[in-house]
Structure formats: C-alpha cells, structure tokens
Amino acid sequence: MRRMESVRRAFVLAGLALLSWADALVELLAFLLLCVGLVFFFTPAIDWARGRSARTRELVGRWCEIEVATPYRPAPAEPERERDGWYRDGNQLYKRAWWIRWNRRFTWIMEDRATSRELGWQVLNPPFALVTALLSVVVGRRALRWYGRWTRHWLGPHPAADPARKWWLHRHLESVGHQFGLLALACVCLVFSVWQLVLIIGAAPMIASLVVGSRTITDTLRREAGNWTGVRIDRPYLPAPGLPVPRADGLYQFGKQLYDEPWWPLQRARTQWVLRDRATWRDLAGGALIPLVSLVLTLPTIVLLGWGLTGLATLWVWRPFVTASDQPVQWYPLPEVSTHLGALAQMPLVLVLLVAGLAPTTWLARQQARFARVWLGPTEATRLAQRVARLDQSRTDVTVAQAAELRRIERDLHDGIQSRLVAMGLKLGAVEALIDSDPEAAKRLAAELRTASAEALTELRLLVRGIHPPVLSERGLVDAVRAVALDSPLKVEVTADVPGRVEQPAEACAYFAVCELLGNAAKHGEAKRVSVSLAYSDGVLRVVVTDDGSGGAEAARGSGLRGIERRLGAFDGTLSLTSPPGGPTEAILEVPCQTVPEPAPEAAAPAPAAPEPSSPKTSTSSETA
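### Considerations on the overall build of the chain
Working step 1: On a plain count of helices and strands, the chain comes out with 18 helices and 13 strands.
Working step 2: Burial status across the chain gives 39% buried among its 625 residues.
Working step 3: When contacts within the chain are restricted to residue pairs at least 6 apart in sequence, those whose partners lie at least 24 apart make up 69%.
Working step 4: Counting every atom, the chain has about 36600 Å² of accessible surface; 62% of that belongs to carbon and sulfur.

Here you go:
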C-alpha cells in the first residue's frame, strides 16, 4: 500500500513537471518580445512560472519529506508617495508608481541567481521526474527522496559561489549566457533607438520624456556589461536643467518667449538639453551598431555549439530510433554510422566543436562590452563637461555645508559652553559675597564650580572632536577608523593598505564618511557585521564599507548619504552605492589625494649630566688637566 502511494505521488510530480516545459516556452516567448521592445510581458511570465515552482516545493516538502526553502531574494519595497503627491525613484519623479514598481521588479528578477537556476530546472526537470516515476515502481519511497534532493538542489537557496572556484565549464557556460544577454539588451536598445529617431524627426513635444525613459534601458546594458564582463561603462549624459524660476512679474521666460505656467519652459529646456547632448546621438548610433557587432561576435558560439550539439543529438538521440529499421545515420561532414562503435569514433570531433565553441566565449563577451563602451561611454569632452558641472555643484554644496556647520558650531557654543560659563560667572560672584560671611557655603559653591568646569571642558572636547578628532591628527586615518570600529556596537573588521599618511582634508573626509556609514548600518540597516577596507593606489584613496544588513539604501532618499556625496564632491570624489533589497550593502568611496611624508619623530634631548657638588663650573679639558 505504501509503495502504491509512493508511485502515485511520483507520477503526480512527473505530470506537474511536464508543465515546466510550458512555463519555459512562455518565458522564451516573453524573452523574444523583450528583444523587440515589448518589455512589459517578461516580469509577469517569470512570476507565473514561479507559482508552479512554489507548488513543487510544497509537494516535495509534504511527500518527499525534504523541505525546500524559498531561494529568492526579498522582493523590492512598494514605491512610497512623497508629500507633494509624486513618486520618486532616484532623481526622477513620476506621477504614478507603476513604472517604478515594474522597473524594480524587473531588476530584482534579472539580478537574482535563483532565476537562472529555476530556468535550468524547468528544462531538465520533466525527463528526470519521469525517470523518478518509473523507478518508484521498483524502489518505492527512495525514488521520492532522490527527487526531493534533486529539487532542493535546483529550487533551494544556494550560497554565493566563489568566482575563483568555478569550474571551467561553469565559467564558460555563464559567458554564453552573458553573450546572449548582451545581444538581447542591444536589440532592445535598437528598438528604443528607432522610436527616438522617429519622434525626433517628427519633432514631438514629448521627445525629452521618451529619451530619458530610454536611457534607463541603456543604463541597464551598461550595468550588466560591468557585472558580467568587468568592463565598466560610465554614464555620459550632461546634467539635466533645473526647474524654471519665475521673473519679478511672475512669468516664466525661455529665450524671448514668456509663459504663464512653468510646464512649457521646462519641456523646451529639457528638449534642448536632450538634443544638444552628444550622448543622445551616440546612443542612437550605438543602438544601431552594437546589435550588429554583438551578433557577429555571438555567431561563432552559435555555429560551433549548435553544430556540436546537433552532432551529439544525432549520434545518441536520433540514431537509436532510426537504426532500429536498419537505416544508417549521417552527421555532416562525417560518413554514415549505424553502430555504437561508429558513434564513439565520431565523438572526438563533437567534443572538439563543443570546446571550440565554449573556449572563446569569455573573450567574446568582453569584446561585446568593450565595443558598447566605445559608443555608450563618455568621451573626453563629456568627462570634462561632467567634471565642470560636478565641481560647480560641489562648490555650491560645500558653501552651503560650511555655512550650516558654522551655524551648528555657533549654536552649540551658545546653548552649551556659553551658558555654562555664564552660570560659572554668577557662582563666582556668589563665592566672593559669601567667602567672608559664610565660608562653608563658599566652599560648597567652589566645589560645584570645579564640577561644572570639568563638565564644560568635557563638552568642549566633544565639540572639538566633532570638528576634527585629535586621533585623526595624531595617529592618521587607519588608526582613527579602527578607533571608531572599536566604539561601534557592530562587529567591524578593518583592513588597510595605505602606505603612510594622505592629505589631512582627504583623511577627514574619509573618516567622517566611514562614521556615517557605520551609523547607518547600525541604525537603519539592521546589520551585524561590517567590513571596512582602505587602500591607496594611483593617487586615489579607496574605501569600501560592506555590511550584511537588510539593504534598500538609496543616496537620493538619505540625508546622511547626501552629506557624504557633498563631502566627496569637494574633492572631486565619488560614492558608488550597491544596496539591493535584502542586502548586502556595499559603499565604495574614492577620494583623489596625494600622500604626505610622515613627520619624523623628534630626537630626544640628551639628559643633562649631574653637576659635581664640590667643583666649580669647569671645562672638560681643565678637569682632565
């Protein structure tokens, strides 16, 4: 009876597994639609297929007695409406939340490793489930246990793999996926480039909104090229124009035209900004050329792997069915074969084709990304324009920050130390009045004055430490960061490769940035462990702070992170923040600076010789004489 129950459950799982091929077909169709620009069908297809996977995990836990945990990263948070009624995503505002929601879920699905493992399971699961169902007739519940372990391997959570320990086959199969992924993204960019060109020719008033929206697709190509191949592609666009400012009469001016409302001046300014930016036209040219080059670089992989897989299927899948009727099978370009020995003799060529198709995939994927960087990366003129705009903005931010810091120091001195000094002055007057008439009361007031002076000194030291910590001046950045790590409630690991000292302003900037990041990890990130890495090379101080918190940090929404960006902007530095929902959070700070020689320790003065008690001051020669 138990065996019959196991057989029934195995065949039910096999029937459910056959539906995985339908899921894979739907996802393939959604991917093809994604390649032609219809991007809104891909996410629902993945969500629909995940429902079948969830049902399989549930049945495996009940019938196979092997619990399979959900492997997906935490879903992104729902967009929150701002006080003014708009939805904010970075520096972009939206009237409705559907685009932010779709973009976040698309990024969440594409960056989750469980998505690719689930796709592999959908392809391989049906034949394995059928074999399991047949074996259950013989071995009973053990077949279900095998299927449970198989499902847990594919649909369960996996620890992050070490790239250095991946097998050769694993690395090159990933590169094949990277090649096809870059080709698909390039095709999507081509579709959006055609739409942009059509609207530009038609002089549509909403061209700026379409171009800015299309840049998110191009940014996806830049980001994934860096994640997959290590080829970093920076954004080349000029800063967007600010909001129009009304004149004294309340009207808005653009050129020689006046408007009652700011909408038209804003649209005209944004259209002019988009059309005059060279990066817009480079994106259009890249959208036409990158798919062609990517297709050419992907063709060797398609031809060699396709040829090798065709030979493999012909010799070992198709041949057994055909040779049953005594008909030989021919795999081009080798002669006909009808026996297992003949198929084994042709296998070396099949393996050579498969290896030849996989070997150059990593190099070819990197060449695809490098060609994309030529068209989608910034030129020297664009870099110079971006740097001028960034320095101009950072100068304004630094001026505002300095004024705010001076006001804070003035307020702390006025409300803290100054009030204590005033109170101490009043008590001193009372001491003078009581010292003759009531000495005991004068002594008590003097003791209170001593305590108040110690508290005032402690408060003054804290204020000075907030302006510039003494440990930073005395011991340097590395020891100052280690001191902060010891005071932090988290487990902080500090590693440093900084030869000597760097310029004091750069040290202060990096120190306060690390303090802010550690505070954010403790207060908002729910982290337990943090690693801080400091390194200096090629005139750049690089600080990497990584925590195991809940993630979801955004520089645009946090005042502390914005303060770090303002500090770094004064040095032409950068902050790169990676904080997916569920963590981990990684912040990379780069501060251009120079090393300075450490001050040489002062030579200790020789101790004076003890004078002889019975002799007057005489020279050494006279004593010797």
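From this point, the discussion proceeds with the structure in view.
### Re the packing of helix α2 (residues 42-63) against helix α5 (residues 141-155)
For any two helices packed against each other, one specifies the inter-axial angle together with the distance between the axes.
Working step 1: Interaxial distance between α2 and α5 falls to 10 Å at its minimum, and their mutual angle equals 140°. Classified by the interaxial angle, the pair formed by α2 and α5 is oblique. Crossing handedness for the pair α2 and α5: left-handed. Contacts from Ser53, Thr56, Arg57, Val60 and Trp63 of α2 reach α5 at Arg141, Leu144, Tyr147, Gly148, Thr151 and Leu155.
Working step 2: When grouped by side-chain class, the residues that make up the contact of α2 with α5 number five nonpolar, four polar and two charged.

### Thoughts on the environment of Pro333
Working step 1: Mapping Pro333 onto the fold places it in the loop between β5 (329-330) and β6 (336-337).
Working step 2: It is 9.9 Å that separates the C-alpha atoms of Pro333 and Gly311, two residues lying 22 residues apart in sequence.
Working step 3: If near-sequence neighbours (up to four positions away) are discounted, Pro333 is found in contact with Trp307 and Leu349.

### Some points on the sheet that holds strand β12 (residues 585-592)
Working step 1: Reading across from one edge, β7-β9-β10-β12-β11 is the order of the five strands in this open sheet, with mixed pairing throughout. Across the chains shown, the open sheet's two edge strands, defined by having one partner strand only, are β7 (491-497) and β11 (574-578). Within the sheet, the average angular offset between the axes of one strand and its neighbour, ignoring direction, is 10°.
Working step 2: Across eight bridges, the pairing between strand β10 (residues 540-547) and β12 is antiparallel. Pairing of Arg542 across the sheet is with Glu590, part of β12.
Working step 3: Helix-sheet contacts for helix α15 (residues 477-487) involve β7, β9 (529-537) and β10, and the interaxial angle to β7 is about 175°.
Working step 4: The sheet contacts of helix α16 (residues 504-523) involve β7, β9, β10 and β12, and relative to β10 the element is tilted by about 10°.

### Thoughts on the state of the cysteines
Working step 1: The full count for this structure, using the stated rule, is zero disulfides.
Working step 2: Left without a disulfide partner, Cys509 is nearest to the cysteine sulfur of Cys593, which lies 9.4 Å away.
Working step 3: Taking relative accessible area as the criterion, Cys509 reaches 3% and is therefore assigned buried.

### A few points about a nonpolar patch on the surface
Working step 1: A grouping of Leu309, Leu312, Trp316, Val317, Trp318, Phe321, Leu341 and Leu344 is seen on the molecular surface, where their side chains present a nonpolar patch of about 880 Å² in accessible area.
Working step 2: Within the residue set of the nonpolar patch, elements represented by two or more residues are α9 (278-322) and α10 (340-358).
Working step 3: Element by element, the count of residues in the nonpolar patch is highest for α9, at six residues.
Working step 4: With respect to the helices and strands, Val317 occurs in helix α9.
Working step 5: Take Val317: its relative accessible area is 52%, and that puts it in the exposed class.

### Focus on helix α7 (residues 207-229)
Working step 1: The terminal C-alpha atoms of α7, which comprises 23 residues, lie 32 Å apart, in line with the 33 Å expected from a rise of 1.5 Å per residue.
Working step 2: Gly230 occupies a position one or two residues after α7 and carries a positive phi of about 80°.

### Digging into the side chain of Asp277
Working step 1: Here Asp277 lies in the loop between α8 (263-276) and α9.
Working step 2: Classification of Asp277 as buried rests on a relative accessible area of 1%.

About the cut-offs
- Residues numbered from 1 in each chain as written.
- Predicted model: local features only at pLDDT ≥ 70, side-chain atom pairs only at ≥ 80, totals over all residues.
- Heavy atoms only, no water.
- Helix = DSSP H or I, 4+ residues; strand = E, 2+ residues; numbered from the N terminus.
- Buried < 20%, exposed > 50% of the residue type's maximum accessible area, 1.4 Å probe, protein only.
- Contact = heavy atoms within 4.5 Å.
- Areas by Shrake-Rupley, 256 points an atom, 1.4 Å probe, with all protein chains shown as cover.
- Axes fitted to C-alpha atoms, helices over the stretch in contact; angles between N-to-C directions.
- Parallel < 35°, antiparallel > 145°, perpendicular 65-115°, else oblique.
- Left-handed = near helix turned anticlockwise from the far one by under 90°.
- Nonpolar A, V, L, I, M, F, W, Y, C, P; charged D, E, K, R; others polar.
- Pairing = 2+ DSSP bridges.
- Disulfide = S-S within 2.5 Å.
- Patch = residues over 30% accessible without salt bridge, like charges linked within 9 Å, V, L, I, M, F, W, Y side chains within 5 Å.
- Salt bridge = Lys/Arg side-chain N within 4 Å of Asp/Glu carboxyl O.
- Expected span 1.5 Å × (residues − 1).

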